[in-house]
2 protein chains.
Amino acid sequence: MKKYLPVIKKCPLFDGVSNENLARMLGCLKAKVVDFDKKYTVFREGTVQKHVGILLSGSLHLVRMDYYGNRSILSGVEIGETFLEEFACSEAELPVSVIADEPSQVLILDLRHILHTCSNCCSFHQQIIFNLMKILATKNTAFYQKIDVTSKRSTREKLLTYLNYQAKKTNNNEFNIPFDRQELADYLEVERSGLSMEISKLKNEGIIDSYKNYFKLL
Amino acid sequence: MKKYLPVIKKCPLFDGVSNENLARMLGCLKAKVVDFDKKYTVFREGTVQKHVGILLSGSLHLVRMDYYGNRSILSGVEIGETFLEEFACSEAELPVSVIADEPSQVLILDLRHILHTCSNCCSFHQQIIFNLMKILATKNTAFYQKIDVTSKRSTREKLLTYLNYQAKKTNNNEFNIPFDRQELADYLEVERSGLSMEISKLKNEGIIDSYKNYFKLL
DNA sequence: GAATGTATGTTGAATTTTCAACAAAAGGAA
DNA sequence: TTCCTTTTGTTGAAAATTCAACATACATTC
């Protein structure tokens, strides 16, 4: 466990927890480090989980099987990220399986130990509960924005809605976006070539200026 | 306040709270009922709110202004629903304004009173915190699914992904959906006419059977 | 039953997006 | 520099979606 303390410390679930308290807290939460081989199923779709995971090393995929047995990868989990907290908290059946994409180590926490304060270290519990709420709420806010953007019907509208959010966020009509073209196309859920074309058009029409990941609304 | 107790009781934030405790609890949380005239801004975009709202009567819209001043309605709030809890918990600036669509009454709670347990009725706090987490997590799960559905590129794929979720959810290849055609089109973010056409095609191809809001995967 | 309104299905033309393929530009490594 | 790789831009044809308009079915009201 010690080896992974730096990763664990960076996880937003433990924001505001001091180094010396972290180890004690992990004991209090009965946190366990578990190894998974490549291709191993960490959690299985359809089960109800009371556990929250934090990826310590390796790489995980959230995968769904449809009615006909086709597999689709919904997202990846990065090192230091929590996963499954939304399903643990909502007490819903997992709509996805979590599969190790390579040999991975996972810190597994029982949500009940997080939610129910114990006699040892209640002050930490309060902090963790608050952090967990913030993680859920932040994901929620991000989803909210993404749905607003992608619900637009045309590539142009999606792009402009996205750029608008960025302009508002930075409080500036000039900004750099954190995506390259392909990533932006994936986020907007459009074709990369169509996106490039639309950016060119908007430039020619004098609506935006752009170079690489720099954008300016005119 | 008394008048609205039935509405408040049905709000998922107060799940598991007994009738007699509810009133006491609302006092403990310093809950306030506030009236808003039609068109009045309940909360303003760009501000940071520590408040969670529950709609008691009337109707609210979540509205966003873009960079050019165009208004778009992102969603509506129904009676008994909580709103803004995701932004209060994430401590983010509101990306939307909340506008009264008609004269409305709103129960306003300070998130800090929810999160920080007091000496009076801590057992309730625990329950409310748990409920709030569940609300956030459930919204999250619903967003998750919606994005999975709408990220598909064609009307056919969106529809089939959605129907698959329903089949999995009901654990049955026959089910009724809670949407009429226009609502389904809006959820899938496609054109109603195109959706109707695709449903017809899928029927002709023997992939699904359907009548009104009844669907069957074959 | 007639009249009305609402939901759904169908159609064809206009528009947009996707797809595949290639061109051009940028960045790194030898 | 040159070579190689990656990213981005461009293009035209094929496919899909949107849009507007109308047809049909169903339910409700008078």
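Just so it is clear, the structure is predicted and the values come from calculations on it, not from any experiment. (Residues numbered from 1 in each chain as written. Chains lettered and ligands numbered in written order. Predicted model: local features only at pLDDT ≥ 70, side-chain atom pairs only at ≥ 80, totals over all residues. Heavy atoms only, no water.)

(A) Quick look at the confidence of the model for chain A. Per-residue pLDDT for chain A averages 89, and the proportion of residues at 70 or more is 95%. Averaged over each element, pLDDT in chain A is lowest for strand E4 (residues 71-77) of chain A (81) and highest for strand E5 (residues 82-83) of chain A (96). (pLDDT = per-residue confidence, 0-100. Helix = DSSP H or I, 4+ residues; strand = E, 2+ residues; numbered from the N terminus.)

(B) Layout of the interface of chain B and chain A. Counting from both sides, the interface comprises 52 residues of chain B and, opposite them, 51 residues of chain A. Summed over the shared surface of chain B and chain A, the result is eight salt bridges. Inspection of the region where chain B meets chain A yields ten residue pairs in polar contact (both at pLDDT 80 or more). Elements represented by at least two residues in the side of chain B that touches chain A include exactly strand E3 (51-65), strand E4 (71-77), helix H3 (85-90), helix H5 (122-150) and helix H6 (155-170) of chain B. Top contributing element to the side of chain B that touches chain A by residue count: H5 of chain B, with 18 residues. (Contact = heavy atoms within 4.5 Å. Salt bridge = Lys/Arg side-chain N within 4 Å of Asp/Glu carboxyl O. Polar contact = N/O pair within 3.5 Å; in protein donor to acceptor, adjacent residues only side chain to side chain.)

(C) Looking closely at the relation of the copies chain B and chain A. When chain B is fitted to chain A, the residual RMSD is 0.1 Å, and the transformation amounts to a turn of 180° plus an axial shift of 0.0 Å. Read as a symmetry element, the transformation amounts to a two-fold axis. If distances are taken from each C-alpha of chain B to the rotation axis, the shortest is found for Asn-140 of chain B, at 2.7 Å. Of all interface residues in chain B, 98% are interface residues in chain A too; the two copies therefore contact each other through one and the same surface. (Least-squares fit on C-alpha atoms with pLDDT ≥ 70 in both.)

(D) Molecular detail of the domain arrangement of chain A. All names here are of chain A. The domain architecture assigned to chain A consists of domain 1 (2-149) and domain 2 (152-217). At the interface, four residues of domain 1 touch ten residues of domain 2. Counting the surface lost from both domain 1 and domain 2, the interface buries some 690 Å², and carbon and sulfur atoms represent 46% of this. Its salt-bridge partner being Lys-152, residue Asp-148 comes within 3.2 Å of it at the nearest N-O pair. Applying the counting rule to domain 1 against domain 2 returns five residue pairs in polar contact (both at pLDDT 80 or more). (Domains from an automatic or database assignment. Buried area = accessible area lost by both parts, 1.4 Å probe.)

(E) Geometry of the nonpolar core. With 60 residues, the main nonpolar core has Leu-13, Phe-14 and Leu-109 of chain A together with Leu-13, Phe-14 and Leu-109 of chain B as its most contacted residues. Counting 38 residues, the second largest nonpolar core, distinct from the first, contains Val-42 and Val-96 of chain A together with Phe-87 and Ile-147 of chain B. (Core = buried A, V, L, I, M, F, W, Y, C linked by side-chain atoms within 4.5 Å. Buried < 20%, exposed > 50% of the residue type's maximum accessible area, 1.4 Å probe, protein only.)

(F) Quick peek at the sheet that holds strand E7 (residues 174-176) of chain B. All names here are of chain B. Sheet architecture is open: three strands sit in the order E7-E9-E8, paired in antiparallel fashion. Two strands in the sheet have a free side with no partner beyond their single neighbour: E7 and strand E8 (208-211). Averaged over neighbouring strand pairs, the angle between their axes works out to 15° when direction is ignored. Strands E7, E8 and strand E9 (214-217) of the sheet are contacted by H6, whose axis makes an angle of about 105° with E7. (Pairing = 2+ DSSP bridges. Axes fitted to C-alpha atoms, helices over the stretch in contact; angles between N-to-C directions.)

(G) Focus on the pattern of salt bridges. Under the counting rule described, the total for this entry stands at 22 salt bridges over all chains. Glu-198 of chain B is the partner of Arg-156 of chain B in a salt bridge, and the nearest nitrogen-oxygen pair spans 3.1 Å. Taken together, the positions of Arg-156 of chain B in helix H6 and Glu-198 of chain B in helix H8 (residues 192-204) put the pair 42 residues apart, joining distant regions of the chain. We classify Arg-156 of chain B as partly exposed; its relative accessible area is 24%. Overall, Glu-198 of chain B belongs to the buried group, its relative accessible area being 9%. Each of Arg-64 of chain A together with Asp-148 and Lys-152 of chain B takes part in one network of salt bridges that share partners.

(H) Representation of the packing of helix H6 (residues 155-170) of chain A against helix H8 (residues 192-204) of chain A within the structure. Residues and elements named next belong to chain A. The interhelical angle for the contact between H6 and H8, taken along N-to-C directions, is 70°, at an axis separation of 10 Å. Relative to H8, H6 is oriented roughly perpendicular. Contact residues: Thr-155, Arg-156, Leu-159 and Leu-160 in H6; Gly-194, Leu-195, Glu-198, Ile-199, Lys-201 and Leu-202 in H8. Its residues placed into classes, the contact of H6 with H8 shows five nonpolar, two polar and three charged. (Parallel < 35°, antiparallel > 145°, perpendicular 65-115°, else oblique. Nonpolar A, V, L, I, M, F, W, Y, C, P; charged D, E, K, R; others polar.)

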